[in-house]
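Structural overview
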Amino acid sequence: MLLKTLDLCHDVPTAEGTLRILDHIDLEINHGDSVAIVGASGSGKSTLLSLIAGLDRASAGSIQLDGQEMSEMSEAQRSALRQRYVSFVFQNFQLLHGLNAVENVSLPLDVRGEKGTRAKALHYLERVGLAHRATHQPSQLSGGEQQRVALARAFASEAPIIFADEPTGNLDAHTGEHVADLLFDLNREQTTTLVLVTHSDALAQRCQRVLTMNAGRLQAQEPRS
Ligand SMILES: Nc1ncnc2c1ncn2[C@@H]1O[C@H](COP(=O)(O)OP(=O)(O)OP(=O)(O)O)[C@@H](O)[C@H]1O
Ligand SMILES: [Mg+2]
């Protein structure tokens, strides 16, 4: 078991009082799984993804990543765990402005002291079809191009788990299928575990499992073969 949650709950303060946005989520994800999280807008998908990726601290319950209990960790400890296990493709990309495309992809590799990071970054930009935009700033890229830089950054880190929030949301059908192919190639070739949030049925159907969120609860688990 790579990732496991038990009674995971998340509350946020609002003007009307405390709002429960995740309600007793139990889930298990195995090494090498591909899992789609689907559900209506506002059902809690992004919140769930950010908690299980260790980006945020849950209000209550347990989240274990490779047997390590994240709910009891400090931000620094969670950050160290993320560096080792996780790459994340954000719904709004979160590219760093002031760095061009190739620098955005290589930065996480530079931070961990890798050598030859520019060549590796260029390789992954090429794989997402963006070699010709390597020196563009995020502001000089279309939404879909920024999304592909974010995907290249996630791929380049070669982490055991990729969490991706609407990874094809801004892409045309053809480009979306191409980056989905890359995601599933990594899943197969490098046994990368994939956890994605998507509104695309076509993308969800390519995953081994589909989990449905409904108003903060996990509704169904449909096993696939
Ligand atoms: N910090 C916050 N404070 C108050 N409400 C929040 C906060 N974060 C999320 N919410 C609310 O929690 C609910 C779940 O949000 P979340 O972003 O997880 O939804 P989602 O399923 O990813 O939706 P979408 O498909 O539109 O991206 C939403 O109703 C949202 O308004
Ligand atoms: Mg979302």
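Remember, predicted model here, so these are calculated numbers, not experimental data. (Residues numbered from 1 in each chain as written. Chains lettered and ligands numbered in written order. Predicted model: local features only at pLDDT ≥ 70, side-chain atom pairs only at ≥ 80, totals over all residues. Heavy atoms only, no water.)

1. As for the sheet that holds strand 4 (residues 60–65)
In space, the 4 strands of this open sheet follow the order 2-1-4-5, with antiparallel pairing throughout. Of all strands in the sheet, those with a lone pairing partner are strand 2 (17–29) and strand 5 (68–69), marking the two edges. Here strand 1 (residues 3–14) runs beside strand 4; their pairing, made up of 5 bridges, is antiparallel. Looking at the pairing, Leu-6 lines up with Ser-62 of strand 4. (Pairing = 2+ DSSP bridges. Helix = DSSP H or I, 4+ residues; strand = E, 2+ residues; numbered from the N terminus.)

2. A look at helix 3 (residues 101–111)
By the burial criterion, the buried members of helix 3 are Ala-101, Val-102, Asn-104, Val-105, Ser-106 and Leu-109. Buried residues in helix 3 make contact with helix 4 (117–127) and helix 5 (143–156). Measuring from the backbone nitrogen of Val-102 back to the side-chain oxygen at the start of helix 3 gives 3.2 Å, which picks out Asn-100 as the cap. Phi for Gly-113, located one or two positions after helix 3, is positive at around 80 degrees. (Buried < 20%, exposed > 50% of the residue type's maximum accessible area, 1.4 Å probe, protein only. Contact = heavy atoms within 4.5 Å. Polar contact = N/O pair within 3.5 Å; in protein donor to acceptor, adjacent residues only side chain to side chain.)

3. What to know about the nonpolar core
If you look at soluble globular proteins, the nonpolar side chains tend to sit buried side by side. Ala-36, Val-105, Leu-125, Val-149, Phe-155, Ile-162 and Leu-196 are the most contacted members of the largest nonpolar core, which has 38 residues in total. Broken down by element, the residue count for this core peaks at 7 residues, all from helix 5. (Core = buried A, V, L, I, M, F, W, Y, C linked by side-chain atoms within 4.5 Å.)

4. Structural notes on unusual backbone geometry
Phi at Asp-7 takes a positive value of approximately 55 degrees, unusual for a residue other than glycine. Checked against the element boundaries, Asp-7 lands in strand 1. Overall, Asp-7 belongs to the partly exposed group, its relative accessible area being 39%. Phi at Ala-215 takes a positive value of approximately 50 degrees, unusual for a residue other than glycine. In this fold, Ala-215 is placed in the loop between strand 9 (209–214) and strand 10 (217–223). Since its relative accessible area comes to 63%, Ala-215 is described here as exposed.

5. So, the coordination of the magnesium ion (ligand 2)
Listed as protein donors to the magnesium ion (ligand 2) are Ser-46 (OG) and Gln-91 (OE1); their distances from the metal cover 2.0 to 2.5 Å. A residue pair is termed long-range when its members are at least 10 positions apart, and Ser-46 in helix 1 (residues 45–52) and Gln-91 in the loop between strand 6 (86–89) and helix 3 qualify at 45 residues. For Ser-46, a relative accessible area of 28% gives the class partly exposed. (Donors = N, O, S within 2.8 Å, 3.2 Å for Na, K, Ca; no water.)

6. Here's the deal with the site of ligand 1
If you check the shell around ligand 1, you find Val-12, Ile-21, Ala-40, Ser-41, Gly-42, Ser-43, Gly-44, Lys-45, Ser-46, Thr-47, Gln-91 and His-199 and nothing else. For ligand 1, an oxygen atom lies 3.0 Å from a polar atom in the backbone of Gly-44. Within the side chain of Gln-91, an N or O atom sits 3.0 Å from an oxygen atom of ligand 1. Here ligand 1, which alone exposes 640 Å², has 61% of that area covered by the protein. Looking at which element gives the most residues to the shell around ligand 1, the answer is helix 1, with 3 residues. Per-class residue counts for the shell around ligand 1 are 3 nonpolar, 8 polar and 1 charged. (Near = heavy atom within 4 Å. Areas by Shrake-Rupley, 256 points an atom, 1.4 Å probe, with all protein chains shown as cover. Nonpolar A, V, L, I, M, F, W, Y, C, P; charged D, E, K, R; others polar.)

7. Quick word on the side chain of Ser-50
With respect to the secondary-structure elements, Ser-50 resides in helix 1. Those residues within four positions of Ser-50 in sequence are excluded, and the remaining contacts are Leu-55, Asp-56 and Phe-88.

8. Section: the pattern of salt bridges
If you walk through the whole model with that rule in mind, you get 13 salt bridges. For the salt bridge of Arg-112 with Glu-114, the shortest nitrogen-to-oxygen distance reads 2.6 Å. Taking the relative accessible area as the measure of exposure, Arg-112 reaches 37% and is therefore partly exposed. Owing to a relative accessible area of 24%, Glu-114 belongs among the partly exposed residues under this scheme. In this structure, the salt-bridge partner of Lys-120 is Glu-114, at a minimum N-O distance of 3.1 Å. Taken together, the salt bridges that share partners define one network made up of Asp-11, Arg-20, Asp-23 and Arg-217. (Salt bridge = Lys/Arg side-chain N within 4 Å of Asp/Glu carboxyl O.)

9. Section: the packing of aromatic side chains
Applying the stated criterion across every chain yields a total of 2 aromatic pairs. Between Phe-88 and Phe-90, the aromatic rings sit 4.6 Å apart at their centres with planes inclined by 45 degrees, giving tilted as the arrangement. Geometrically, the ring pair formed by Phe-88 and Phe-163 is stacked, given 6.2 Å between the ring centres and 25 degrees between the ring planes. Taken together, the residues span a long stretch of sequence, with Phe-88 in strand 6 and Phe-163 in strand 7 (residues 161–165) at a distance of 75 residues. Taken together, Phe-88, Phe-90 and Phe-163 form an aromatic cluster joined through their ring pairs. (Phe/Tyr/Trp six-rings, centres within 6.5 Å; stacked < 30°, edge-to-face > 60°.)

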